[in-house]
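Understanding the architecture of this molecule
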Amino acid sequence: MRVRVPAKVNLALAVGATDTDGYHELVTVFQATSLFDDLYVSLTPPGEFHLSFRGEGAAFLPTDGTNLAMRAARAMAKRFDVEDAGIDMTIRKRIPVAGGMAGGSADAAAVLVACNELWGCGASEADLLELARALGADVPFCLMGGTALGAGRGDELMPILTRGTYHWVLALSHSGLSTPAVFREFDRLVPEPAPPGNPEQLLSALAHGDVAAVGAALTNDLQEAALTLQPLLAATLELGRSAGAVGSIVSGSGPTCAFLAESAEAATGIAEELALFSGVRAVRVAHGPVPGVQVVT
Ligand code: C5P
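Let me sum up the structure you'll find in this document.

How each quantity is defined
- Residues numbered from 1 in each chain as written.
- Predicted model: local features only at pLDDT ≥ 70, side-chain atom pairs only at ≥ 80, totals over all residues.
- Heavy atoms only, no water.
- Near = heavy atom within 4 Å.
- Polar contact = N/O pair within 3.5 Å; in protein donor to acceptor, adjacent residues only side chain to side chain.
- Helix = DSSP H or I, 4+ residues; strand = E, 2+ residues; numbered from the N terminus.
- Pairing = 2+ DSSP bridges.
- Axes fitted to C-alpha atoms, helices over the stretch in contact; angles between N-to-C directions.
- Contact = heavy atoms within 4.5 Å.
- Disulfide = S-S within 2.5 Å.
- Buried < 20%, exposed > 50% of the residue type's maximum accessible area, 1.4 Å probe, protein only.
- Salt bridge = Lys/Arg side-chain N within 4 Å of Asp/Glu carboxyl O.

It is worth spelling out the site of the ligand at this point. Taken together, the neighbourhood of the ligand is formed by Gly-22, Tyr-23, His-24, Leu-26, Gly-136, Ala-137, Arg-153, Thr-179, Pro-180 and Phe-183. One of the side-chain nitrogen or oxygen atoms of His-24 is found 2.7 Å away from an oxygen atom of the ligand. One of the backbone nitrogen or oxygen atoms of Arg-153 is found 3.1 Å away from a nitrogen atom of the ligand. Counting only elements with at least two residues in the shell around the ligand, the list comes to β2 (24-43) and α5 (179-189).

Okay, the sheet that holds strand β11 (residues 280-288) next. To summarise the sheet geometry, strands pair through backbone hydrogen bonds and adopt either a parallel or an antiparallel arrangement. Spatial strand order, β9-β10-β7-β11: four strands in an open sheet with antiparallel pairing. Looking along the sheet, the strands with just one partner apiece sit at the ends: β9 (247-250) and β11. Pairwise comparison of adjacent strand axes, ignoring direction, gives a mean angle of 20° for this sheet. Pairing geometry for strand β7 (residues 166-173) and strand β10 (residues 257-261), over five bridges, is antiparallel. Of the residues in β10, the one forming a bridge with His-167 is Ala-261. Along the sheet, helix α9 (residues 233-242) makes contact with β7, β9, β10 and β11, crossing β10 at roughly 10°.

Applying the stated criterion across every chain yields a total of zero disulfides. Residue Cys-121 stays outside any disulfide, its sulfur separated by 6.9 Å from that of Cys-115, the closest cysteine. For Cys-121, a relative accessible area of 17% translates into the label buried. Here Cys-257 is not cross-linked by a disulfide; its sulfur's nearest cysteine counterpart is in Cys-142, at 20 Å. A relative accessible area of 0% means that Cys-257 is categorised as buried.

Here the focus is the pattern of salt bridges. When their charged atoms lie close together, side chains carrying opposite charge are able to pair. Throughout the structure, instances matching the rule amount to 13 salt bridges. In this structure, Arg-153 engages Asp-19 in a salt bridge whose closest nitrogen and oxygen atoms are separated by 3.5 Å. In this pair, Arg-153 is assigned in the loop between β5 (147-151) and β6 (156-159) and Asp-19 in the loop between β1 (2-18) and β2, connecting sequence segments 134 residues apart. You can call Arg-153 partly exposed: its relative accessible area is 25%. For Asp-37, the salt bridge is made with Lys-93, and the minimal N-O distance between the two is 2.2 Å. Here Asp-37 is found in strand β2, whereas its partner Lys-93 is found in strand β4 (residues 87-93), with 56 residues between them in sequence.

This is the structure:
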C-alpha cells in the first residue's frame, strides 16, 4: 500500500508567549503543497516494526523508536489494541529534513492512516486527529491538508476558504535548522511577544484568489530568528524577490525559503534563477492547496 502526504508552508505565522509546557501560542495559516513524501507499507509478523528511508536526507534520519513515524505506528497499535501488529514502512522522502516544511510530522500522519488501513483499526477521523495531536503540533494539519488556520499550538484547525491555485518555488538550504532552536532564538529576540492575532489581510486575499495580495500579506514571526541562525537566507530571499516572486518568506522555522509566483511559468523562471545561487542546495516547484494524507494504492 502506498500513502502520500504533502509538505506544508506557513503563509502566516504569528508567535506569542509560551504556555506552561514551553509551547508557544500560535496563529498560523498552513497550506499543503504538492511536494510529497510517499510511504510504502506491508504487513510483517507480529511485533516486527521496520522503518527505512530513501531519497532526500534519508541518511540523516533515525530509524529506531525515536523516529516520529515509528512512534505513530506504536501509538496506533496501542490505542486500538492490535495484538498481532507488525508493519514494514519505507518512506520515499522529497520533503526536506529539518526544513520547516513539517516533513517528520507528515510522515507520522501518513503512518497513522496506513496503520488504520493495514490493521483494520476502524479509527474515525476524530480518533486520528487526537493521536496526531499527541505526536506533534503539525501532525493534525498534515492529516487534513488544504489551507487551514491553526491556533493554540498550531493544532486547533479550521479549514479556510481559498480561490485558485498557488504556485510555489522552494529553495532548500545546505543545512537544516532545529525547530526548538529557532523558537529559543525567537524568545531571545522577542522576550515579550504580543498575543498573536488573525491575519485578516491574508485571509481576505486568499478568499479572493488575489495572488499578488497573498504575496504581500505573507508573514512569519520566526523569520528573523531563522535569519539570525542562517544569515545567508537573507540573500536567498532577496534573490527570489528580484527574480519576480510576488512574495517571499522563510517557511515555518526554516531554513527552506518559499516564494510565491504569479503563474506556473513564472515559478519555473524564479526556480532557474535560484538554482544558480551557491547558497541554495536545491530548488523545487510545487503548487497548493492539495489534500492531506491520501491512500494511493
Ligand atoms: O510539536 P512538535 O514536536 O513538532 O514541536 C517541536 C518543537 O517546536 C517543540 O519542542 C517546541 O520547542 C517548538 N514549538 C513551540 N510552540 C509550538 C509548536 C512547536 O515552541 N506551538
